[in-house]
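What follows is each chain in one-letter form.
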Amino acid sequence: MKKILITAAAFLMMAGILTSCGRGDLKGFKKNKTGLNYKFHVKTNSPRAQIGDIIIAEIWVYLGEELEYTNEGSPEPLFQVMESQHSGDLMEALKMIGKGDSVTFAFNLDTLIKYNPGMQGDPNNKFLLYTIKVEGVYDEEAFEIKMEEDQLKGEAEEAERLETYIQENGITVNPNDDGVYVIIHNRGTGAVANQGKTILMNYTGRLTDGTIFDTSLEDIAKENDLFTPQRTYEPLEFTVGIGQVIIGMDNAVMGMRTGTKATLIIPSNVAYGSRTQGSIPGFSTLIFDIEITGVK
């Protein structure tokens, strides 16, 4: 099976470092025979997850009242159910849930530290709280079939969106070998961005529906409610050809000169693929308006 799942230990370690949740107040929670605290918000009659099953879900992890991590709106394969390592662990919790359920588990932090020595404690909090909203539970064979079906569906829908964008915007250039459309607005005359060179590049990235998801330009960030005061807005600096940016961009800028302004239309297979990346949904064609401001 493809290695796309977060292992239970890795997820707990991540959550233990980033989040130590709950103030000891577990009002409304129940406790099973091993002492695991849980509260179902929705409980269906679906079969419970079994060892080997893969769970696709949304998850919320809290630090006290503060949300520290979530994939809300983007359900993904989070866990594969394995044998429990100790009473009240995550694997035990996962065996309690089924498709359509929504539940919060409160894991005792001291117990987790006992079995995961690298996990950090927190004197102000006693529990780790995970709220899990289950989209589906699949055995390995069914999961592989679903992933293949989702891949084909995502690719087809993206191809349709891209074709519509190309037609509606009158794009006449042919895509390069990566399938990236490179539309030059101004050909620079400065130093060449050869492989191994470090370039400085201003950019604005958007989806085919026009939604801007990132920019190096402060005025555009402010105009689109993306402005972050802690961020320094300046050209992106990266070395060409060594994978510091997405493949489609890395290859497209190679050979451009300082002063070049261009639009890159980058399909997801040379961007982020099927993965949701922040505000970028899976199977998203990305459009970047760029300017090479320097090469060194």
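Here, the structure is the one placed above.
Residues numbered from 1 in each chain as written. Predicted model: local features only at pLDDT ≥ 70, side-chain atom pairs only at ≥ 80, totals over all residues. Heavy atoms only, no water.

Trainee: Where do I start with the overall build of the protein in this structure?
Mentor: For the protein, the helix and strand inventory stands at 6 helices and 13 strands. Relative to its 296 residues, the protein shows a buried fraction of 42%. Counting contacts in the protein only where the partners sit at least 6 residues apart, residues at least 24 apart contribute 68% of the total. Accessible surface for the protein amounts to roughly 16,000 Å². Of this, 47% is attributable to carbon and sulfur atoms. (Helix = DSSP H or I, 4+ residues; strand = E, 2+ residues; numbered from the N terminus. Buried < 20%, exposed > 50% of the residue type's maximum accessible area, 1.4 Å probe, protein only. Contact = heavy atoms within 4.5 Å. Areas by Shrake-Rupley, 256 points an atom, 1.4 Å probe, with all protein chains shown as cover.)

Trainee: Would you explain the environment of Leu-286 in this entry?
Mentor: With respect to the element layout, Leu-286 can be found in strand S13 (residues 286-295). Remark: the alpha-carbon pair of Leu-286 and Ser-268, spanning 18 residues in sequence, is separated by 7.2 Å. Setting aside chain neighbours within four positions, we find Leu-286 in contact with Arg-206, Leu-207, Phe-213, Ile-246, Leu-264, Ile-265, Ile-266, Ala-271, Tyr-272 and Ile-280.

Trainee: Help me understand the pattern of salt bridges, please; the structure alone is not making it clear to me.
Mentor: For side chains bearing opposite charge, pairing can occur when the charged atoms are close. Within this structure, the stated rule accounts for 6 salt bridges. The salt bridge involving Glu-237 is made with Lys-296; its shortest N-O contact spans 3.5 Å. One end of the pair, Glu-237, is in strand S11 (residues 236-239); the other, Lys-296, is in the segment after S13, with 59 residues separating them in the sequence. Take Lys-296: its relative accessible area is 58%, and that puts it in the exposed class. (Salt bridge = Lys/Arg side-chain N within 4 Å of Asp/Glu carboxyl O.)

Trainee: Mind showing me how you'd approach unusual backbone geometry here?
Mentor: When glycine is set aside, most residues are seen to have a negative phi, and most peptide bonds are trans. The phi torsion at Asp-225 lies on the positive side, around 55°, for a residue other than glycine. For Asp-225, the location among the structural elements is in the loop between helix H5 (218-223) and S11. Within the chain, Phe-283 stands out as a residue other than glycine whose phi angle is a positive 60°. Mapped onto the secondary structure, Phe-283 falls in the loop between strand S12 (261-266) and S13.

Trainee: How do you make sense of the packing of aromatic side chains when you look at a structure like this?
Mentor: We describe a pair of aromatic rings using the distance from one ring centre to the other and the angle between the two ring planes. Across all of its chains, the model carries 6 aromatic pairs by this definition. Ring geometry for Phe-227 versus Tyr-233: centroids 5.5 Å apart, planes at 20°, classification stacked. The class of Phe-227 is partly exposed, set by a relative accessible area of 33%. Overall, the relative accessible area of 15% leaves Tyr-233 in the buried class. Aromatic rings pair up to connect Phe-105, Phe-107 and Tyr-130 into one cluster. (Phe/Tyr/Trp six-rings, centres within 6.5 Å; stacked < 30°, edge-to-face > 60°.)

Trainee: Whenever I open this one, the pairing of strand S2 (residues 37-42) confuses me. Can you help?
Mentor: Across a regular strand the side chains alternate sides, sitting on one face of the sheet and then on the other. One ladder, built from 2 bridges, connects strand S1 (residues 30-31) with S2; its direction is antiparallel. By the bridge assignment for S2, Lys-31 is matched with Asn-37. Hairpin connection, S1 to S2: the antiparallel pair is bridged by 5 residues, and Gly-35 has positive phi, about 95°. Where S2 lies against strand S6 (residues 102-108), 5 bridges are found, and the strand directions are antiparallel. Each bridged residue has a counterpart across the sheet, and for Phe-40 the counterpart in S6 is Val-103. (Pairing = 2+ DSSP bridges.)

The values are spatial; any link to function lies outside them.
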